[in-house]
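Inside the fold
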Amino acid sequence: MLLLHQYQRSVLQRQLDDLSALHLCSQLVSSLLAVLLPGEYETKNGRAGPGNPTSPRQNVRKNLDFEPLSTTALILEDRPANLPAKPAEEAQKHRQQYEEMVAQAKKRELKEAQKKKKQLEDRCKLEESIGTAVQTWNQDILPNWSAMCTSRRVRDLWWQGIPPSVRGKVWSLAMGNDLNITHDLYHICLARAKEKWKTSATPASEPESEDAGSSDRESSLELIKLDISRTFPHLCIFQQGGPYHDVLHSILGAYTCYRPDVGYVQGMSFIAAVLVLNLDTADAFIAFSNLLNKPCQMAFFRVDHSLRSHWSSRSRGPTGPHGPEVPLVLTMLTYFSAFEVFFEENLPKLFAHFKKNNLTPDIYLIDWIFTLYSKSLPLDLACRVWDVFCRDGEEFLFRTALGLLRLYQDVLTCMDFIHMAQFLTRLPDLIPAEQLFQHIAAVHMTSRNRKWTQVRGPGVGGRTADVGAPAADVTPASAQVLQALQKDPDRGSPVLKR
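Note that the coordinates shown come from a computational prediction; the quantities given were computed from them, not determined experimentally.

The rules behind these values
- Residues numbered from 1 in each chain as written.
- Predicted model: local features only at pLDDT ≥ 70, side-chain atom pairs only at ≥ 80, totals over all residues.
- Heavy atoms only, no water.
- Phe/Tyr/Trp six-rings, centres within 6.5 Å; stacked < 30°, edge-to-face > 60°.
- Helix = DSSP H or I, 4+ residues; strand = E, 2+ residues; numbered from the N terminus.
- Buried < 20%, exposed > 50% of the residue type's maximum accessible area, 1.4 Å probe, protein only.
- Lys NZ or Arg CZ within 6 Å of the ring centre and 35° of its normal.
- Polar contact = N/O pair within 3.5 Å; in protein donor to acceptor, adjacent residues only side chain to side chain.
- Contact = heavy atoms within 4.5 Å.
- Arc of directions from axis to C-beta.
- Expected span 1.5 Å × (residues − 1).
- Axes fitted to C-alpha atoms, helices over the stretch in contact; angles between N-to-C directions.
- Left-handed = near helix turned anticlockwise from the far one by under 90°.
- Salt bridge = Lys/Arg side-chain N within 4 Å of Asp/Glu carboxyl O.

Some words on the packing of aromatic side chains
As enumerated under the stated definition, the model contains 30 aromatic pairs in all. Ring centres 6.3 Å apart and planes at 70° place the aromatic pair phenylalanine 339 and tyrosine 364 in the edge-to-face group. With phenylalanine 339 in helix H14 (residues 328-346) and tyrosine 364 in helix H16 (residues 362-370), this residue pair connects regions lying 25 residues apart in the sequence. Considered together, phenylalanine 339 and tyrosine 364 belong to a single accessibility category, that of buried residues. If you follow arginine 384 out to its NZ or CZ, it ends over the ring of phenylalanine 437, 4.1 Å from the centre.

In structure tokens:
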């Protein structure tokens, strides 16, 4: 009955729309004829004029001071003179329907007004809390950073999110400057980058091969121009002509000259862009260089290079004091292996579903870790992840990954391989921040009384591995990446190429 009633109302609404359109067209034609042929039209149609009294049929419609502007208003009027009059029952029914529609419209307006009022109240509370937090950070914490940065109170404030106005200062202090980079060094690297840009701008020049050696890494300066245009395109501030285009270009170019052995790798532009939004140019370069020098970031960003060229920092060559040394690509695989340990510990059902569908961590983790979630999450939420990452280190990056999987585990368990891969590589645009951090807080980063650093260990399976030895402890995801690299060690990682 409900469906029938809705159908009857929709039919009635369409009929009223048709009547309104017919009435408007009739008025328009009458007006045009009255202007073009006033005398003939009035005589023919019996209009009131000097010699024509008003026709009785003209009084069928109510005398209104306005013309109806909507179909709902037509319900309250009698039909036009050229149509049969409404029966009393139908007129009563239409009036009742009109009153119901007005009541529903008032309810919607009331709900929207209450929603806007609540949003305004929440916004006022948020602004008030941010103002209080800014005062606390500026007056109490930052002047006494060394003494207070590890206190319980500061850690709690850190978890709630650092206010944007002090975020850059806190990030710089938390990341530190172990490389002792100065502003002068930044300007020297930038000058060298500009010289390389001038040289590469020659039409006859061609990009050098990436296998030519670490000194040829500066040829990746050309890749920066291509990648900057794809960095936060919705903000329109890093693209050509944008206010931060040259700043981002300078920082990435200076870094490729500062670390030619690493060069530029796709994804670095997102990390640098987040720093540019929160720090001055030279300070952003210092933070960027120190951040990429962390073990996790260095392991991930150097996987794109030759398997035979780069070795762990524990020795200067392929053979160290503890036997055959592990290339940095294997260090990246240890992160995959450690992540799966905590994945199975926290989300066993989803872990089994991933294993059943052969969905390996490299499919989604590489993009998340490469950009520190700045590309995968909304920018404001990514900055909150960065806040706690600066506090807790690399462990929080993988804890965030488990939090995301925990947040969407009910959705993921109903998907197959293709849909899971698509979902994880393109997360929803709207992710509730508080819910995500609740799920992150529920993740336990201990496995059999071992913490993250103990599970990750110095090498594959928690021990140093031989380059030529079979990777028995490597997970299926790690084995796939390693196998592809070993088949063609001079070629970039196929995972990154994808």
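From this point, things continue past the structure.
Thoughts on the side chain of serine 447
Residue position: serine 447 is located in strand E3 (residues 446-447). Under the relative-accessibility criterion, serine 447 is labelled buried at 3%. Separated by 3.5 Å, the side chains of serine 447 and glutamate 345 make a polar contact. Not counting residues up to four positions away in its chain, the partners in contact with serine 447 are Val341, Phe342, Glu345 and Val455.

Considering helix H15 (residues 348-356)
Structurally, the α-helix is built with 3.6 residues per turn, so residues lying three or four positions apart point the same way. All buried positions along H15 are accounted for by Leu350, Phe351, His353 and Phe354. Relative to the axis of H15, the buried residues are bounded by an arc of 160° and lie together on one face. Summarising the geometry of H15, the exposed residues directed more than 90 degrees from the buried face are Lys349 and Lys356. Of the residues flanking the end of H15, it is asparagine 358, one or two places downstream, whose phi is positive at about 60°.

Details of the side chain of threonine 231
Along the chain, threonine 231 falls in the loop between helix H9 (221-228) and helix H10 (245-258). The exposure class of threonine 231 is buried, given its relative accessible area of 0%. Polar contacts involving the side chain of threonine 231 include one to the main-chain carbonyl oxygen of aspartate 227, which spans 3.1 Å. Beyond its immediate sequence surroundings of up to four residues, threonine 231 is in contact with Phe238, Gln239, Leu248, Ser269, Phe270 and Ala273.

A look at H10
A rise of 1.5 Å per residue sets the reference length of H10, with its 14 residues, at 20 Å; its end C-alpha atoms lie 20 Å apart and thus fit the reference within 8%. Within H10, 11 of the 14 residues are buried, leaving the element largely enclosed by the surrounding structure. If you check which residues of H10 are buried, you get His245, Leu248, His249, Ser250, Ile251, Leu252, Gly253, Ala254, Tyr255, Thr256 and Cys257.

Looking at the packing of helix H4 (residues 88-141) against helix H6 (residues 152-160)
Contact pair H4 / H6: the axes reach a minimum separation of 12 Å and the direction vectors enclose 145°. As H4 runs across H6, the sense of the crossing is left-handed. On the side of H4, the interface is formed by Thr136, Trp137, Asp140 and Ile141, while H6 contributes Arg153, Val154, Leu157 and Trp158.

Focus: the pattern of salt bridges
This model, assessed by the stated rule, comprises 11 salt bridges. Glutamate 434 is the partner of arginine 384 in a salt bridge, and the nearest nitrogen-oxygen pair spans 3.1 Å. Residue arginine 384 is found in helix H17 (residues 379-392), and its partner glutamate 434 is found in helix H21 (residues 433-441); the two are separated by 50 residues along the sequence. A residue is classified by how much of its surface remains accessible, and arginine 384, at 11% relative accessible area, is buried. Residue classification places glutamate 434 among the exposed positions, given a relative accessible area of 52%. Residues joined in a network through salt bridges with shared partners are Arg155, Arg391 and Asp392.

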